Amino acid sequence: MDQAQSKPVFSLPDWRALRNDFPVLTNSQPALHYLDSAASSQKPQAVIDAISHCYSHNYGPVHRGLYALAEVASEAYEAARQTIANFVNAENTNEIVFTRSATEAINLVAHGWAGQHLKPGEDIWVSQMEHHANFLPWQRVCQTLGTRLRVIPLDEDGQLDFETAEGIFGANTGLIAITQVSNVLGTINPIEQIVRRANRQSIPVLVDAAQAVGHMAVDVQALNCDFLVASAHKMCGPGGIGFLYGKQERLAETDPLLLGGGMVDEVDIDQSSWAEIPARFEAGSPNLSGAVGFAAAINYLQDIGMGAIEQRVQQLTSLAYQTLSEIDGLALYGSPESTSHSGILSFNVDDIHPHDVAHIAAEHGVAIRAGHHCCQPLMQRLGVSSTARASFSFYNNEQDIAALAKAILDAKQILGNR
Ligand code: PMP
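Here's what I pulled together on the structure shown here. Since we're looking at a predicted model, the values are computed, not measured.

Analysis parameters
Residues numbered from 1 in each chain as written. Predicted model: local features only at pLDDT ≥ 70, side-chain atom pairs only at ≥ 80, totals over all residues. Heavy atoms only, no water. Helix = DSSP H or I, 4+ residues; strand = E, 2+ residues; numbered from the N terminus. Buried < 20%, exposed > 50% of the residue type's maximum accessible area, 1.4 Å probe, protein only. Lys, Arg positive; Asp, Glu negative; His and termini not counted. Salt bridge = Lys/Arg side-chain N within 4 Å of Asp/Glu carboxyl O. Contact = heavy atoms within 4.5 Å. Near = heavy atom within 4 Å. Polar contact = N/O pair within 3.5 Å; in protein donor to acceptor, adjacent residues only side chain to side chain. Areas by Shrake-Rupley, 256 points an atom, 1.4 Å probe, with all protein chains shown as cover. Nonpolar A, V, L, I, M, F, W, Y, C, P; charged D, E, K, R; others polar. Axes fitted to C-alpha atoms, helices over the stretch in contact; angles between N-to-C directions. Parallel < 35°, antiparallel > 145°, perpendicular 65-115°, else oblique. Left-handed = near helix turned anticlockwise from the far one by under 90°. Pairing = 2+ DSSP bridges. Core = buried A, V, L, I, M, F, W, Y, C linked by side-chain atoms within 4.5 Å. Phe/Tyr/Trp six-rings, centres within 6.5 Å; stacked < 30°, edge-to-face > 60°.

One can find Glu 95 in the loop between α5 (68-87) and β2 (96-99). For the buried Glu 95, which has no salt bridge, the nearest side chain bearing the opposite charge is Lys 247, at an N-O separation of 8.1 Å. Once residues within four sequence positions are removed from consideration, Glu 95 is found in contact with Ala 90, Leu 244, Tyr 245, Gly 246, Lys 247, Gln 248 and Leu 251.

Below you can see the structure in the form of structure tokens.
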């Protein structure tokens, strides 16, 4: 075969070497098979070092001091915002608002935008696969505002069923808030098509990209969504920091969720005015080390390459899917064989409680999650109260999958239908 033809579009990273970037994976004795990255990912040394360097050399109050250290701190914080803006291709850096998490970012939009702009009787559409973080804030808006919460049902394969979501792109829809990737089924939703159809009717769309940003290339301008949220801790970054992307015109019409220091223009006894966006949404002392660690995580991921990361996770997930499919009595949820599926597999084995599966897995050094995964409406659709969930990152390897399969077989032997 022609040499040029057989070349991959990007040079393949040395995955084994990259795994060694994660101290917790190399330090653990006995070996740790970490298959819970959808809950929170592990951190590479580069991120740990960036945070440590920040505290050792550059730490100071952000936007609050005139001395050198405070200026360095403020510059590092704004540079981190720029890194995120570039990563998701925001048109303008001030479209990135630092929040504590994806959860806080959704609550900010629910309170500050939906709560101000939607009218009683209008519909807010979510899907049946939403994380509670993208469900409860809308439920509350509906309870207080008199808007209606509508739910896009799922078909038998765990895909969004638009046929039965009557009126979703109609004149009565005030907002669509939808996840890009399901944290239970791993389904990658056709978010581009949803936004395109919504745009035609001028319906604003919020994308919950907590399981997408850092796992695949996300381009907010190409997507043309109004809002998009994510958390650093699910993409090799630190806990306690996330972001809200909002189009400038949407953020301009959004009220702040938190009031306090740093978000004001002028404060009088009777009334006050807010600072420009994005400072308006960042009340209180900013999380400098979080922002610096977040930027370091993005740089680390970009050095590997988002295309390579996505391909690696797909390969691992499809190997895991094949391996688990061979286990008698194991039911996998959703359609993990589909190409629009990311690194998450949810399953049950025989009639063993998923917590028992997770306990036995833990004894094998395999970390998986069991429960409803903050998706109770989805559990109701699946007809179960909980599932076991294995989720994969590029730092996983074939041994992790073999250890998971062995753990499940042991669980079956100890507790299953024999
Ligand atoms: N949405 C989805 C799809 C998630 O998986 C999660 C986290 N499990 C969240 C939102 C909330 O993220 P965080 O807890 O970081 O706010």
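For the rest of this paragraph, the subject is the site of the ligand. Around the ligand there are 13 residues in total, and Thr 103, Asp 208, Gln 211, Ser 231 and Lys 234 lie nearest to it. Between the ligand and His 233, the relevant distance is 2.7 Å, taken from an oxygen atom to a side-chain nitrogen or oxygen of the residue. Within the complex, 87% of the 400 Å² of free accessible area of the ligand lies under protein. Grouping the constituent residues of the shell around the ligand by class yields three nonpolar, eight polar and two charged.

What the rule picks out here adds up to twelve salt bridges. Close ionic contact of Glu 78 with Arg 81 constitutes a salt bridge, the shortest N to O distance being 2.7 Å. A residue pair is termed a helical-turn pair when its members lie 3 or 4 positions apart in one helix, as Glu 78 and Arg 81 do in helix α5 at three residues. By relative accessible area, Arg 81 is classed as buried at 3%.

Bringing the packing of helix α12 (residues 306-325) against helix α15 (residues 398-415) into the picture now. Running from N to C, α12 and α15 cross one another at 25 degrees; their axes reach a closest spacing of 10 Å. One finds that α12 runs roughly parallel with respect to α15. Crossing of α12 against α15: the hand is right-handed. Facing Arg 312, Leu 316, Leu 319, Ala 320, Thr 323 and Leu 324 of α12, the residues of α15 in contact are Glu 398, Ile 401, Leu 404, Ala 405 and Ile 408. Among the residues forming the contact of α12 with α15, the class breakdown is eight nonpolar, one polar and two charged.

What follows covers the pairing of β2. Neither face of β2 is left uncovered, since the one carrying Ile 96 and Phe 98 and the one carrying Val 97 and Thr 99 both have all their residues buried. Sheet topology note: the β2/strand β8 (residues 242-246) ladder contains four bridges and is antiparallel. Following the sheet pairing, Thr 99 is matched in β8 by Gly 242.

As a further point, take the sheet that holds strand β12 (residues 344-349). Across the sheet, which stays open at both edges, the four strands sit in the order β11-β12-β15-β14 with antiparallel pairing between neighbours. Taken across any chain shown, the strands that pair with only one partner, and hence form the sheet edges, are β11 (330-332) and β14 (369-371). Sheet twist, expressed as the mean angle between neighbouring strand axes with direction ignored, is 30 degrees. In this structure, β11 lies alongside β12, joined through three bridges in antiparallel fashion. Counterpart to Leu 332 in the pairing with β12 is Phe 347. On the sheet, α12 packs against β11 and β12 and is oriented at approximately 10 degrees with respect to β12. Against the sheet, helix α13 (residues 354-363) engages β12, β14 and β15 (387-391), with an angle of about 160 degrees to β14.

Let's shift gears to the sheet that holds strand β4 (residues 148-152). Strand order in this open sheet of seven strands is β2-β8-β7-β6-β5-β3-β4, and the pairing throughout is mixed. The open sheet is flanked by β2 and β4, the only strands paired with a single partner. Sheet twist, expressed as the mean angle between neighbouring strand axes with direction ignored, is 20 degrees. Pairing between strand β6 (residues 205-208) and strand β7 (residues 227-231): three bridges, direction parallel. Bridging from a neighbouring strand, Val 207 pairs with Leu 228 of β7.

Within the element layout of this structure, Ala 275 appears in the loop between β10 (272-274) and α11 (288-304). For Ala 275, a relative accessible area of 12% puts it in the buried group.

Before going further, it helps to examine the environment of Thr 93. Turning to its location among the elements, Thr 93 is positioned in the loop between α5 and β2. Taking the relative accessible area as the measure of exposure, Thr 93 reaches 21% and is therefore partly exposed. Measuring from C-alpha to C-alpha, the distance between Thr 93 and Ala 80 comes to 10.0 Å, with 13 residues separating the pair along the chain. If near-sequence neighbours (up to four positions away) are discounted, Thr 93 is found in contact with Arg 81, Gln 82 and Ala 85.

This part is about the nonpolar core. Generally speaking, a soluble globular protein has its nonpolar side chains buried in company with each other. Ranked by internal contacts, the top residues of the largest apolar core, which has 105 residues, are Ile 176, Val 213, Leu 228, Phe 243, Phe 347, Ile 368 and Phe 394. When residues in this core are grouped by element, the largest group, eleven residues, is from α11. Of all hydrophobic cores here, the second largest spans 27 residues; its members include Ala 110, Ala 114, Ile 124 and Leu 244.

Another aspect to go through is the packing of aromatic side chains. Scanning the model with the defined rule gives eleven aromatic pairs in all. Between Phe 22 and Phe 394, the ring centres sit 5.9 Å apart and the planes meet at 65 degrees, which makes this aromatic pair edge-to-face. In this pair, Phe 22 is assigned in the loop between α2 (15-19) and α3 (23-27) and Phe 394 in the loop between β15 and α15, connecting sequence segments 372 residues apart. Comparing Phe 22 with Phe 394, the two get one shared label, buried. With a centroid separation of 6.1 Å and 40 degrees between ring planes, the pair formed by Phe 243 and Phe 294 is classed as tilted. Here Phe 243 is found in strand β8, whereas its partner Phe 294 is found in helix α11, with 51 residues between them in sequence.

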